[in-house]
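Structural features, examined
Each chain, letter by letter, is given below.
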Amino acid sequence: MAHTTEDKNFRLPPTVRPSRYAATLTLDLDAKSFSGQQTVDVEVTEPTREIVLHAIALTLGEVTFRAGGDTRKPASIQPVAVSETVVLRFDAPLPVGKAALDVAWRGAFTEGLRGLYLAGKVAATQFEAADARRVFPSFDEPSFKAKWSLSVRVPQGLTVLGNGPVVKEEQDGAHVKVTFQETEVLSSYLIALVVGPLVGTPAERVGDIPVRTWALPEKAHLTRFGQDVALAVLPRLQDYFGLPYAFTKVDQVGIPDFEAGAMENAGLITYREVALLLDPATAPLSVQKRVAEVVTHELAHQWFGNWVTMVWWDDLWLNEAFATWMAFKIVDQWRPEWRMWLDFDSHRASALHLDALKSTHPIHGAVHNAGEAGESFDAITYEKGGAVLRMIEGFLGEGPFREGIRLYMRKHARANAVKEDLWNALGEAAKQPVEELATAWVGQSGFPLVSAKVDGRELSLSQQRFYSEPGVGSAEKWPVPMVLRYEDASGVHEQRVLLREPKATVKLEGSGEVKWLCANAGSTGFYRVAYDTPALQKLAANLQALAPSERISLLADQWALVRAGKASVADLLDLAARFGDEEDDSVLDELVGRLGYVEGRLVEGEDQARLRAWVEKLLGPGLKKLGWQAAAGETDRVKLRRAALVRAVGGLARSREALAEAKPRVARMLQGERDALEPNLLDAAVGMVARAGDAALFDTILQKVPREPDPATQRRYLMALTAFEEPALAQRAQGLLFSDTVKTQDVASFVSGLMANRTGRDAWWARMREQWKDVVARTGGAPMLLRRIVEAMGLLRTREQLDQMKALLQGHPIPEAQQATAQTLERLAQDVALRERCGPEVSAWLKKQP
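The structure contained in this document is the topic of the report that follows. (Residues numbered from 1 in each chain as written. Predicted model: local features only at pLDDT ≥ 70, side-chain atom pairs only at ≥ 80, totals over all residues. Heavy atoms only, no water.)

Observations regarding the overall build of the protein
The helix and strand inventory of the protein stands at 26 helices and 30 strands. Computed over its C-alpha atoms, the radius of gyration of the protein comes to 28 Å, within 12% of the 29 Å expected for a compact globule of 850 residues. Taking the principal axes of the C-alpha coordinates as reference, the protein spans close to 90 × 65 × 55 Å. Residue pairs in contact within the protein that sit at least 24 positions apart in sequence constitute 71% of those at least 6 positions apart. Side-chain charges in the protein split into 101 positive and 110 negative, and the spacing between the mean points of these groups amounts to 2 Å. (Helix = DSSP H or I, 4+ residues; strand = E, 2+ residues; numbered from the N terminus. Rg over C-alpha atoms; globule rule 2.2 N^0.38 Å. Contact = heavy atoms within 4.5 Å. Lys, Arg positive; Asp, Glu negative; His and termini not counted. Charge placed at Lys NZ, Arg CZ, Asp CG, Glu CD.)

Some points on helix H10 (residues 533-541)
Within H10, the full set of buried residues consists of Ala535, Leu536, Leu539 and Ala540. One side of H10 carries all its buried residues, which in axial view fall inside an arc of 135 degrees. For H10, the exposed residues lying more than 90 degrees away from the buried face are Thr533, Gln537 and Ala541. Looking at the buried side of H10, the elements it contacts are strand E29 (516-518), strand E30 (528-531), helix H11 (548-563) and helix H12 (569-576). (Buried < 20%, exposed > 50% of the residue type's maximum accessible area, 1.4 Å probe, protein only. Arc of directions from axis to C-beta.)

Comments concerning the sheet that holds strand E28 (residues 503-507)
Taking strand neighbours across the sheet as the criterion, the four strands line up as E28-E25-E24-E30 in an open arrangement whose pairing is mixed. Single-partner strands in this sheet number two, and they are E28 and E30. Neighbouring strand axes in the sheet, compared pairwise and without regard to direction, differ in orientation by 25 degrees on average. Here strand E24 (residues 448-455) runs beside strand E25 (residues 458-465); their pairing, made up of eight bridges, is antiparallel. Across the sheet, serine 451 pairs through a bridge with serine 462, a residue of E25. In the packing of H11 onto the sheet, contacts are made with E24 and E30, and the angle to E30 comes to roughly 80 degrees. (Pairing = 2+ DSSP bridges. Axes fitted to C-alpha atoms, helices over the stretch in contact; angles between N-to-C directions.)

Some details on the layout of surface pockets
Volume-wise, the second largest pocket comes out at about 890 Å³. Lining the second largest pocket are 40 residues, and of these Ala119, Gly120, Pro256, Asp257 and Lys743 lie nearest its centre. At four residues, helix H19 (residues 711-721) tops the list of elements feeding residues into the lining of the second largest pocket. Residues belonging to the lining of the second largest pocket are distributed by class as follows: 15 nonpolar, ten polar and 15 charged. (1 Å grid on protein atoms, 1.4 Å probe; cavity = no way out; pocket = protein on both sides within 12 Å on 5 of 7 lines; lining within 4 Å. Points joined across faces, edges and corners; volume = space filled by probe spheres on them. Nonpolar A, V, L, I, M, F, W, Y, C, P; charged D, E, K, R; others polar.)

Considering unusual backbone geometry
Cis geometry is adopted by the peptide bond preceding alanine 129, which originates at glutamate 128 and carries an omega value of 10 degrees. By the element assignment, alanine 129 lies in the loop between strand E10 (122-126) and strand E11 (147-155). With phi around 50 degrees, arginine 339 is a residue other than glycine that occupies positive phi space. The partly exposed category is assigned to arginine 339, whose relative accessible area is 21%.

Quick word on the pattern of salt bridges
Applying the stated rule across the entire model yields 62 salt bridges. For the salt bridge of glutamate 50 with arginine 89, the shortest nitrogen-to-oxygen distance reads 3.8 Å. In this pair, glutamate 50 sits in strand E3 (residues 48-54) while arginine 89 sits in strand E7 (residues 85-94), placing the two residues 39 residues apart along the sequence. Residue classification places arginine 89 among the partly exposed residues on the basis of a relative accessible area of 27%. Bridged by salt links that share partners, the residues Arg339, Asp584, Asp585 and Arg637 form one connected network. (Salt bridge = Lys/Arg side-chain N within 4 Å of Asp/Glu carboxyl O.)

Comments concerning the environment of leucine 318
With respect to the helices and strands, leucine 318 occurs in helix H3 (residues 316-334). Put simply, leucine 318 and valine 178 are 140 residues apart on the chain and 34 Å apart in space, counted from C-alpha to C-alpha. Dropping the residues within four chain positions of it, leucine 318 is found in contact with Phe304, Tyr408, Ala417, Val418, Lys419 and Leu422.

A short note on the pairing of strand E15 (residues 193-196)
Residue alternation in E15 divides its side chains into two sets, Leu193 and Val195 and Val194 and Gly196, and both sets are buried. In this sheet, E15 lies alongside E10 in antiparallel orientation, the contact comprising two bridges. Bridged to alanine 123 within E15 is valine 195. Pairing of strand E12 (residues 159-162) with E15, which is carried by four bridges, proceeds in the antiparallel orientation. Paired with glycine 162 across the two strands is leucine 193, which belongs to E15.

Written out as structure tokens, the structure is:
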């Protein structure tokens, strides 16, 4: 009979549990290798002849089990690759009770962005979901929490950062031995180490907690903003949770090559540089908001994830959904003028798009192994999870919801929890049946389409599951907490309804004729709305009565109905035509996104030219009125509106006038004139000029990429290289993917840029298929990047390309991206069908326009 570890779904038995690791690592940065010794204090709960540890590519040396006066060596040490474990077998049963396990081992740095790896001059760890086992023989599952006492031996002259503050630093032969303060109990995925020539801001305190932000010396001037965000939001988080920060310090570190956006290691938060470092004098507001949101997200994890931890990866959403929602809430408190909830709505849109597929998954779904856990880091877990929490908060009220969270934190402090523990705490605090509402939304995939029809003072509602593929249906239903907003003769009203059944009739409060009704007020509900024709016409005639978030949802829902075959694309374009005087930048971005899809996928040739001309006629006057130069004292709202209009007129409509304005400004900016372009225009202007650029401009931008210290600016230049549409330059950009110009972390984004290039796409797709193994190899085996590569193929356009993609991924499957493969193929198939179905209708509509 096969041993239980001969199964990739193997889970550690509870018979041996760790309570403390005391480990010393010695790093050889030149050889990219390390060695370690550790003592793990364990408790044996029942007699057993074996101890199972997780380990990948580690060579174990001497191993000793000690209990009281009893000392034993394992009779065998057997690595098991399929379960990423090593089995220590003993000749006789181990005694029940407290014991110690001494282990020596050696290993090598990972040639990818996980485990312990080199990011340029910096050695860093990335252990989530299950890569602590690449560095430590350990009990590498989240429920096996323990204290960690770590020492590191490294060459002299380097900054060494760990989860706790340094308590001792001593000379040890050719090395410096750095010992960190012992941690609180932590899951192994939250342990971290960073070593390199880093410099930090001076320590500033929030209460007793020192806060520092670190970067390479040439980027030290970019640390102030991220430091200020942490200082501003940490007290607000402590107040929300009603608990002090638990992990002795906050170190934030910009890592030069990093797979994800950031990682919430306790006390030592690591970031992709672009998610932490910026110059507020030159950074677009979108970059500033993104850094603030990411910093706050990671700090929120110090409670939701680090202090109270999921039992297993099926409850990953308990970490990520809460941190997603909390980040927007806290940053909105700090900077209300940023209108963070509108950004939240744009994030939520990606989850609605994904969750309308047949290949979606529930927020809480079965996760059988660590590999499957990696695929859970997606828009369903983060954005849908966050949206559902926001919806539940709206149902319970802010006060009761917060008290429930505080109760949850107190009950499960330093321990592990499951979703039912959260529902129970929220229900106890709010005195409401939370579990009924939450279970349907968290345990069931998909979301409802709510149909709304107003007849006098009655509102008829019905719900059915929404699919983006025409003709697909199923019988699920949800308890849908709805907020209605409408206007009648007596004013504007809000009314709350819990739609439990497939159909219901609601008596509207107030009096007189209903002038208009919004069935998802504030856009806080995770559902789409289909209005009957009279109700939709009334909304279209009263757009400015709607909040920006409601206008965004109106456009997004109508577009989703077009995709699903439930609405006419001509009607959508008629609605879009009413937004010519729109002044809100977020609404303009939603409009441009919908029209950009039509321009990029549904039309070509003369129809494409007609659509561009129509967009310029619709939105060009707004840009002409504002101009390109910001006035003294101009508000952020005006600056962002200008940027949205530049994206519309210069980017989508490809206006020659806009390009003529942008070219000299970009040239002056590249020569060092900081005031040539208002910061919020940088991305759009550089992109449109690059698209029409020549070889001299290509060379100028290429030379700037490795020299640019600001990560947002460097990324702007890097992505601009993918935009050049002159065929020879598009080909040059394709070759750069296989060079050092593109860091591992940027491979997937660069591939997406090449896929989006109108003139280079087909040639790149042919080359990508020919060099598929090389493309995959460029990700360094990073699972998240592999998934993004697959998702980038969704930018293909034709049925022939869809068939080629199927053949490629069937012939060369990516196990780490099975879910992404299914979702991307399904979405692309719908895109191809939509083009075939709606292209002629768009053409006919365009020909009728004056």
